[in-house]
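Summary of structural features
Chain by chain, the residues:
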Amino acid sequence: LLLHASTCSSTKCTSANCAKMKGLLKHGAGCKVKANGGCNVCKRIWALLQIHARQCKTENCPVPNCMAIRERYRQLQLQQQAMDDRRRQMMNQTYHQQAR
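Attention in this report is confined to the structure presented alongside it. Here, residues in each chain are numbered from 1, in the same order as that chain's written sequence. For a predicted model such as this one, the threshold for reporting local features is a pLDDT of at least 70, and the threshold for listing and counting side-chain atom pairs is 80 or more; totals across whole chains, interfaces and linings nevertheless cover every residue. Water and hydrogen atoms play no part in the side-chain values, which are based on all heavy atoms of the structure.

Re the side chain of Arg70
Think of it this way: any DSSP run of H or I at least four residues long counts as a helix, any run of E at least two long counts as a strand, and we number them from the N terminus. As for its placement among the helices and strands, Arg70 is situated in helix α4 (residues 66-99). Notably, Arg70 is buried but unbridged: the nearest opposite-charge side chain belongs to Glu59, and the N-O separation is 7.3 Å. Apart from the residues within four sequence positions on either side, Arg70 is in contact with Ala53, Cys56, Lys57, Thr58, Glu59 and Cys61. Exposure classes here rest on a 1.4 Å probe applied to the protein chains alone. A residue is buried below 20% of its type maximum, exposed above 50%, and partly exposed in between. None of His or the chain ends enter the tally, which takes Lys and Arg as positive and Asp and Glu as negative. We count a salt bridge whenever a side-chain nitrogen from Lys or Arg sits within 4 Å of a carboxyl oxygen from Asp or Glu. In this description, contact between two residues means that some pair of their heavy atoms is separated by no more than 4.5 Å.

Some words on α4
Take the number of residues in a helix, subtract one, and multiply by 1.5 Å to get its expected span. Taking 1.5 Å per residue, 34 residues should reach 50 Å; α4 reaches 49 Å between its end C-alpha atoms and fits that length. Of all the positions in α4, only Cys66, Ile69, Arg70 and Asp84 are classed as buried. Contacts from the buried residues of α4 go to α3 (40-55).

A few points about the pattern of salt bridges
Within the structure shown, the criterion is met by 3 salt bridges. When the shortest N-O distance is used, the salt bridge between Asp84 and Arg87 registers 2.6 Å. Remark: Arg87 and Asp84 occur in helix α4; sequence separation between them is 3 residues, near one turn of the helix. Residue Asp84 is classed as buried on the basis of its relative accessible area of 18%. Among the salt bridges present, the one from Arg88 reaches Asp85, with a minimum N-O distance of 2.8 Å. Highlighted residues: Arg88 and Asp85, both in helix α4, separated by 3 residues, approximately one helical turn. You can call Arg88 partly exposed: its relative accessible area is 46%.

Right, dumping it as C-alpha cells:
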C-alpha cells in the first residue's frame, strides 16, 4: 500500500486505503512538528517508512525517504560490525596474554 500510494496519481483510485495513505504521506511532507517534535501522525508514518526500507530491495524506490533510511541503516550496520570486530580483537588479545 505504501509503495502503491507513493506512485499512484489517480484521484479516484480503487485500491483500499490509497487515499488515506496519500494523506499521511502528504502530512509527513508538510508537517512542521515532525516525529522528533512529537507529532503522532509523523511517528506512525516514520515507523511504516522504516519497516518498508528495511525490507525494500528496489533500486530508486519511489517511497519517500526509502533510499535515505536504507543508507542510514547500512551505515549503522557497518558501525556495529566495526565495534564488534574491535571487541573481538580486544578479547582475543586478552586471552592470548593470559595464556602466556
